[in-house]
Amino acid sequence: MSESAHASATHGQPGHGEGETRRDFLALAATAFAGAGAACALWPFIDSMNPAADTLALSTTDVDISPIAEGMRITVKWRGKPVFIDHRNKEQIDQARSVNLSELPDPAKDEDRAQKAEWLVMVGVCTHLGCIPNGQKQGEPRGDFGGWFCPCHGSHYDTSGRIRRGPAPRNLDVPPYKFTTDTTVSIG
Amino acid sequence: MSTSSNPATGAPKKNGIVEWIDYRLPIFTFMNHELREYPTPKNLNYWWNFGSLAGIVLVVMILSGIFLAMNYTAHVDHAFVSVERIMRDVNYGWLIRYIHMNGASMFFLVVYIHIFRGLYYGSYKPPRELLWWLGLVILILMMATAFLGYVLPWGQMSFWGATVITNLFSAIPLVGEPIVTWLWGGFSVDNPTLNRFFSLHYLLPFVIVGVVMLHLVALHTHGSNNPLGIDTKKNPKDSIPFHPYYTVKDMFGLGVFLVIYAAFVFFAPNFFGEPVNYVPANPLQTPSEIVPEWYLLPFYAILRSIPDKLAGVIAMFGAIFILFLLPWLDSSKVRSATFRPIYKQLFWIFLVDCIVLGWAGAQHPEGAPLLIGRLATAYYFLHFIVLLPLVSKFEKPRALPESISTPVLKTEKA
Ligand code: HEM
Ligand code: FES
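Calculation criteria
- Residues numbered from 1 in each chain as written.
- Chains lettered and ligands numbered in written order.
- Predicted model: local features only at pLDDT ≥ 70, side-chain atom pairs only at ≥ 80, totals over all residues.
- Heavy atoms only, no water.
- Helix = DSSP H or I, 4+ residues; strand = E, 2+ residues; numbered from the N terminus.
- Buried < 20%, exposed > 50% of the residue type's maximum accessible area, 1.4 Å probe, protein only.
- Contact = heavy atoms within 4.5 Å.
- Areas by Shrake-Rupley, 256 points an atom, 1.4 Å probe, with all protein chains shown as cover.
- Buried area = accessible area lost by both parts, 1.4 Å probe.
- Salt bridge = Lys/Arg side-chain N within 4 Å of Asp/Glu carboxyl O.
- Axes fitted to C-alpha atoms, helices over the stretch in contact; angles between N-to-C directions.
- Parallel < 35°, antiparallel > 145°, perpendicular 65-115°, else oblique.
- Nonpolar A, V, L, I, M, F, W, Y, C, P; charged D, E, K, R; others polar.
- Near = heavy atom within 4 Å.
- Polar contact = N/O pair within 3.5 Å; in protein donor to acceptor, adjacent residues only side chain to side chain.
- Pairing = 2+ DSSP bridges.
- Donors = N, O, S within 2.8 Å, 3.2 Å for Na, K, Ca; no water.
- Tetrahedral: all angles 85-135°; square planar, octahedral: opposite > 155°, others 65-115°.
- Phe/Tyr/Trp six-rings, centres within 6.5 Å; stacked < 30°, edge-to-face > 60°.
- Lys NZ or Arg CZ within 6 Å of the ring centre and 35° of its normal.
- Core = buried A, V, L, I, M, F, W, Y, C linked by side-chain atoms within 4.5 Å.
- Disulfide = S-S within 2.5 Å.
- Expected span 1.5 Å × (residues − 1).
- Bend = angle between axes of the 7 residues up to and from the residue.

Visitor: Pulling in residues and values, what's your account of the overall build of chain A?
Guide: Secondary structure summary: chain A contains 5 helices and 9 strands in total. Listed N to C, the secondary structure of chain A is α-α-α-β-β-β-α-α-β-β-β-β-β-β in terms of helices and strands. Classification of the 188 residues of chain A by burial places 35% in the buried group. Contacts in chain A between residues at least 24 apart in sequence constitute 53% of all its contacts with a sequence separation of at least 6. Summed over its atoms, the accessible surface of chain A is roughly 10,800 Å², and 58% of this surface lies on carbon and sulfur atoms.

Visitor: I'd like a description of the interface of chain B and chain A, backed by residues and values.
Guide: Of the residues lining the interface, 14 residues belong to chain B; the matching set on chain A comes to 13 residues. Between chain B and chain A, a total of about 1,100 Å² is buried, with carbon and sulfur atoms accounting for 64% of that surface. At the surface where chain B touches chain A, the tally comes to 1 salt bridge. A salt bridge links D54(A) to R85(B), with the nearest nitrogen and oxygen atoms 2.5 Å apart.

Visitor: Could you give an account of the packing of helix α1 (residues 16-24) of chain B against helix α2 (residues 27-37) of chain B, with specific residues and numbers?
Guide: Residue and element names in this part refer to chain B. As a packed pair, α1 and α2 sit with axes 7 Å apart at the nearest point and diverge in direction by 95°. Between α1 and α2, the angle is such that the two are roughly perpendicular. Listed contacts from α2 to V18, I21 and D22 of α1 are I27, F28 and T29. By residue class, the composition of the contact of α1 with α2 is 4 nonpolar, 1 polar and 1 charged.

Visitor: Explain the site of ligand 1 residue by residue, including any values.
Guide: All names here are of chain B. In the vicinity of ligand 1 lie 25 residues, with G65, R97, H100, H201 and Y202 positioned nearest. In this structure, a nitrogen atom belonging to ligand 1 sits 2.9 Å away from a side-chain N or O atom of H100. Those elements that place two or more of their residues in the shell around ligand 1 are α3 (50-69), α5 (93-121), α6 (129-151) and α9 (191-222). Sort the elements by how many residues they give to the shell around ligand 1 and α3 lands first, with 7 residues. Across the shell around ligand 1, the residue classes break down as 19 nonpolar, 5 polar and 1 charged.

Visitor: I'd love a proper account of the pairing of strand β9 (residues 184-187) of chain A, names of residues and values included.
Guide: Residue and element names in this part refer to chain A. Alignment of strand β1 (residues 61-64) against β9, held across 4 bridges, turns out to be antiparallel. Across the sheet, D64 pairs through a bridge with T184, a residue of β9. The pairing of strand β8 (residues 177-181) with β9 spans 4 bridges and is antiparallel. The residue bridging Y177 from the neighbouring strand is I187, located in β9. Taking the residues between adjacent antiparallel strands as the criterion, β8 and β9 are bridged by 2 residues.

Visitor: Please set out the coordination of the iron atom of ligand 1 residue by residue, giving values where relevant.
Guide: All names here are of chain B. For the iron atom of ligand 1, the full set of protein donor atoms is H100 (NE2) and H201 (NE2), at a range of 1.9 to 2.0 Å. What the 6 donor atoms of the iron atom of ligand 1 show is an angle range of 85 to 178° at the metal, which sorts the shape as octahedral. With H100 in helix α5 and H201 in helix α9, this pair connects stretches of sequence that are 101 residues apart. Both residues of the pair, H100 and H201, belong to the buried class.

Visitor: Could you give me a rundown of the packing of aromatic side chains, with the residues and numbers involved?
Guide: The description of two aromatic rings rests on the distance between their centres and on the angle between their planes. Residues and elements named next belong to chain B. According to the stated counting rule, one finds 39 aromatic pairs over all chains in the structure shown. Ring centres of F271 and F272 lie 5.0 Å apart, and the angle between their planes is 85°; on these two criteria the pair is classed as edge-to-face. For F271, a relative accessible area of 55% translates into the label exposed. Positioned over the ring face of W48 is R117, at 4.8 Å from the centre of the ring. A cation sits over an aromatic face here: K249 above Y46, 4.5 Å from the ring centre.

Visitor: Before we move on, could you go through the nonpolar core and cite the residues and values that matter?
Guide: Grouped together as the largest cluster of nonpolar side chains are 111 residues, with contacts concentrated most on L119(B), Y380(B) and F384(B). Counting 14 residues, the second largest nonpolar core, distinct from the first, contains V83(A), V123(A), Y177(A) and I187(A).

Visitor: Tell me about the sheet that holds strand β5 (residues 146-150) of chain A, and name the residues and values.
Guide: Residue and element names in this part refer to chain A. Strand order in the open sheet formed by 3 strands is β5-β6-β7, with antiparallel pairing between adjacent strands. Sheet topology places β5 and β7 (163-165) at the edges, where each strand pairs with a single neighbour. Across this sheet, the average inter-strand angle for adjacent strands is 35°, counted without regard to direction. Bridge count between β5 and strand β6 (residues 155-158): 4 bridges; the pairing is antiparallel. Its bridge partner lying in β6, C150 is registered against S155.

Visitor: Outline unusual backbone geometry, supporting the account with residue identities and numerical values.
Guide: Cis geometry is found at the peptide bond from P126(B) to P127(B), where omega equals 5°. Topologically, P127(B) is positioned in the loop between α5 and α6. Cis geometry is adopted by the peptide bond preceding P244(B), which originates at H243(B) and carries an omega value of 5°. Positive phi values are uncommon outside glycine, yet R79(A) reaches one of about 50°. The phi dihedral of Y92(B) falls on the positive side, at around 60°, and the residue is not glycine. Along the chain, Y92(B) turns up in the loop between α4 (79-88) and α5.

Visitor: Hey, could you go over the state of the cysteines for me, with residue numbers and the actual values?
Guide: All names here are of chain A. In total, this model carries 1 disulfide over all chains according to the counting rule given. Here C131 engages in a disulfide with C152; their sulfurs sit 2.0 Å apart. In this structure, the disulfide formed by C131 and C152 twists by about -95° around the S-S bond and is classed as left-handed. Of this pair, C131 sits in the loop between β4 (119-123) and β5 while C152 sits in the loop between β5 and β6, and the two are 21 residues apart along the sequence.

Visitor: Account for the pattern of salt bridges, with residues named and values stated.
Guide: Scanning all chains against the criterion turns up 16 salt bridges over all chains. D158(A) is the partner of R162(A) in a salt bridge, and the nearest nitrogen-oxygen pair spans 3.1 Å. As far as the burial class goes, R162(A) and D158(A) line up, both buried. Notably, a salt bridge pairs R335(B) with D231(B), separated by 3.3 Å at the nearest N-O pair. Note that R335(B) is positioned in the loop between α13 (326-329) and α14 (341-361) and D231(B) in the loop between α9 and β2 (239-241), a separation of 104 residues in sequence. With a relative accessible area of 9%, R335(B) lands in the buried category. Among the charged side chains, a network of salt bridges with common partners joins E103(A), D158(A), R162(A) and R164(A).

Visitor: Help me get a handle on helix α15 (residues 367-394) of chain B, residues and values and all.
Guide: Residues spaced three or four apart along an α-helix face the same direction, because each turn holds 3.6 residues. All names here are of chain B. For α15, spanning 28 residues, the distance from its first C-alpha to its last is 38 Å, which sits close to the expected 40 Å at 1.5 Å a residue. Helix geometry: α15 is bent most strongly at H383, by close to 45°. Within the sequence span of α15, burial applies to L370, G373, A376, T377, Y379, Y380, F381, H383, F384, L388, V391 and S392. If you follow the buried residues of α15, they end up packed against α11 (297-305), α12 (309-321), α13 and α14.

Structural data, given as structure tokens:
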């Protein structure tokens, strides 16, 4: 029975060369169909490893900035990462704004990095390999540019959080944030 | 399985890399031998689909389980909530959990059909006794795995199921109580219990994979049994290569199976479940009724039908262990029930008996259901200890065909 079915499949179709039978077509089509189905079935499993709804819901943090005196820096947690909030003094702002942009590895104007000149809000994660730069606490090294210094591989950031020297490729990231009142900043 | 093959001979195409590897580590020869050429009786019916189905469900259980474990927390304060988070917040978490939950029921359904197939066609008889034993070991490991898994969501049924099942061991004289304390890691089912249950629930499926491998080695040593129950090695015309004949048939069966499985996952995901298990575990309040999952009900019925604690536990475990003795309790040389007029009837009565036990296990153990459960329990053991040995001695089997081809060739000539 199967002998004759095979014979007709091979010889019954003129114009098809050796090995190009209806059976081959069916096998290919079925395999492609099963493959596509398997790929679709895989997606829910892959997607389940993305942030879950409750994790995404954690993604705004409100901070009361009224207790932060001029010259003080604090760290808050946003999406599990440290966010630096720096209440800069006049000297630090002037320093950040007087730099010639051509001197910077990752040129950016301080005006574009701080919505209000005296408040600098940045993700406190070194853009090299993810360490937390020093400089938040009194007495910690702030590097050669008065901003932050990453102890892991020696990246120096300035008072605008821009990379000045060392292996980090980019300035410290500025997260999305807005001042919801004069004394509250909402990050995320 | 290599898909590139010479269409004329079915032999794998020569491929430099494949040959280089195969010369040093003959995995391609091995797979070709076991999954393509493997000579298979040409008369297998659809009851022979359930072995490969069980294997596929095992893979589905392990995959879905691994993804559940990424979001599950094995701590009494967080377990229930973490499962609810899987259901509500994790992307497609509901799907993965329903695949896992219903997969357990599908796994048992498939494996029970697989076992009854073996009972009908005498697949436990020489030379397949160890193959049968390995299958029973898989069944026991599956029951343990499913029980442990059922505890993890830490609902009311999880907690009280765990309490009741672990307390079975307290029936053991003298050392019973210390054993139960040891199982619990404390003085009741509590956080240490949940932690070790999760650890073991993760481990056992991989042990099952190992035993399945041995099961397959034993299978391929003497080849598959078949609906006629005769040896097919003698006549080369009785065998066909596994690929493409049975790969295609298995894939078709898989398609049908997946439709049924998906129907439960998407349209009746809690059909097999107990609503009380969506109530968080409360160690101070037992739910009004404790029932195990359906696949354990026959054994539960046997446990409850015996009024003595120790004897009940022995009978329950004995109901499984007696299956190990089956190759010797049934001494008939004829495998397939097709040629055993009396055994064939016993088979169907036994199947009904198991269903009755399952029904009895779900009822309140009093009045008529209790009596019916007791009778069914008695018959269960009567079947194995008395009826089978007698029937296999005195039954006169019908004449067996020489080979699978013989009856076919005869009709062709006629
Ligand atoms: C032989 C294969 C397996 C069987 C029969 C099985 C059975 C079960 C059962 C019956 C449940 C309870 C379902 C519920 O009511 O929610 C469960 C839960 C669970 N299983 Fe498995 N399982 C298997 C393999 C695995 C594997 C390999 C893992 C991986 C680590 C795993 C991880 C889990 C987790 C985390 C839960 C708790 C979440 C939940 O309840 O949905 N399982 N399992
Ligand atoms: S991680 Fe900061 S310098 Fe390498």
